[in-house]
Amino acid sequence: MKKFNYKPLVDYIFYHNMKYKSPEKAGTDKEKMEIFREKGQKARKIFTEIAKNFEGKMQGFKLQKVSGWMNQAQIARSYFWVYLKKESEKRDESGLALRLIEDKKEFGISLEVSFLERGIGENTLKFQNRVLEIPICSPLYYYVQINGENLRIAGNEENRQNLIKEVKIEKVRKVLVKYDIDEIEKFQTHDELSEELLKGYILLKPYYEITKR
């Protein structure tokens, strides 16, 4: 059984938010940029391995494209993500997403019911925000967007009722439901981590399903 290796993710912290240049155009920074690229590719490879292992345990779901190690402006990303969707689902429908999270140089991972912003359709937000129709409790929580700012909100009935009101008056644009796993380095193998993610999926499943009705 393959032992989990998170070191490439930790190594990549150094480059977060740094500007990448093609080594061929970097002049004296050529070697530096080659190392930068190698670190980014290795970190993305580890995250992809995590995602593929989880996909293998999620019957009916298929991985979409894993995010790159840098954005369109060639700035090193501070985290990776990937969506899992069923073949029958349209691009603008909600699905599941895995996101790597970094906090104080410790890596965790989150599983969420959400949608691809670049694929948003006329009714995407309407269906996504149906997650508020189901009561919630810890360890699940809400992740909402207010005035362009993303906020974490505890999963409890009081907050659910407040968010229902705020969505109606369009103070809140979107509501995601998330499950976090802290410190992924404590897992010895990809399988162990995937089993923990499956626990999250069981909790999230009702919220995922209600976005389809």
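That block above? That's the structure.
Residues numbered from 1 in each chain as written. Predicted model: local features only at pLDDT ≥ 70, side-chain atom pairs only at ≥ 80, totals over all residues. Heavy atoms only, no water.

(A) Quick peek at helix α5 (residues 190-210). Look at α5: 29 Å from first C-alpha to last across 21 residues, which is about the 30 Å you get at 1.5 Å a residue. Remark: the principal bend of α5, roughly 50°, maps to Leu-204, with a proline, Pro-206, within the next four residues. Restricting attention to buried positions, one finds in α5 the residues His-190, Leu-193, Ser-194, Leu-197, Leu-198, Gly-200, Tyr-201, Leu-204, Tyr-207, Tyr-208 and Ile-210. (Helix = DSSP H or I, 4+ residues; strand = E, 2+ residues; numbered from the N terminus. Expected span 1.5 Å × (residues − 1). Bend = angle between axes of the 7 residues up to and from the residue. Buried < 20%, exposed > 50% of the residue type's maximum accessible area, 1.4 Å probe, protein only.)

(B) Representation of unusual backbone geometry in the model. Here the bond from Ser-138 into Pro-139 is cis, since omega is 15°, no more than 30 degrees from zero. Take Pro-139: it is sitting in the loop between α3 (124-128) and β5 (141-146). The phi dihedral of Asn-147 is positive, around 50°, even though this residue is not glycine. Given a relative accessible area of 77%, Asn-147 falls into the exposed group. For Glu-183, which is not glycine, the phi dihedral falls at a positive 50°. Topologically, Glu-183 is positioned in the loop between β7 (172-181) and α5. The exposure class assigned to Glu-183 is partly exposed, which follows from its relative accessible area of 35%.

(C) Representation of the side chain of Thr-211. Mapped onto the elements, Thr-211 comes out in the segment after α5. Polar side-chain contacts of Thr-211 include one of 2.6 Å to the backbone oxygen of Tyr-208. With residues up to four places along the chain from it excluded, the contact list for Thr-211 reads Ser-94, Val-113, Phe-127, Gln-128 and Val-131. (Polar contact = N/O pair within 3.5 Å; in protein donor to acceptor, adjacent residues only side chain to side chain. Contact = heavy atoms within 4.5 Å.)

(D) Layout of the packing of aromatic side chains. If you walk through the whole model with that rule in mind, you get twelve aromatic pairs. Seen in terms of ring centroids, Tyr-15 and Phe-36 are 4.7 Å apart; in terms of plane orientation they differ by 20°. Their pairing is stacked. With a gap of 21 residues between them, Tyr-15 in the loop between α1 (7-12) and α2 (30-55) and Phe-36 in helix α2 connect regions that are remote in the sequence. In terms of burial, Tyr-15 and Phe-36 fall into one category: buried. (Phe/Tyr/Trp six-rings, centres within 6.5 Å; stacked < 30°, edge-to-face > 60°.)

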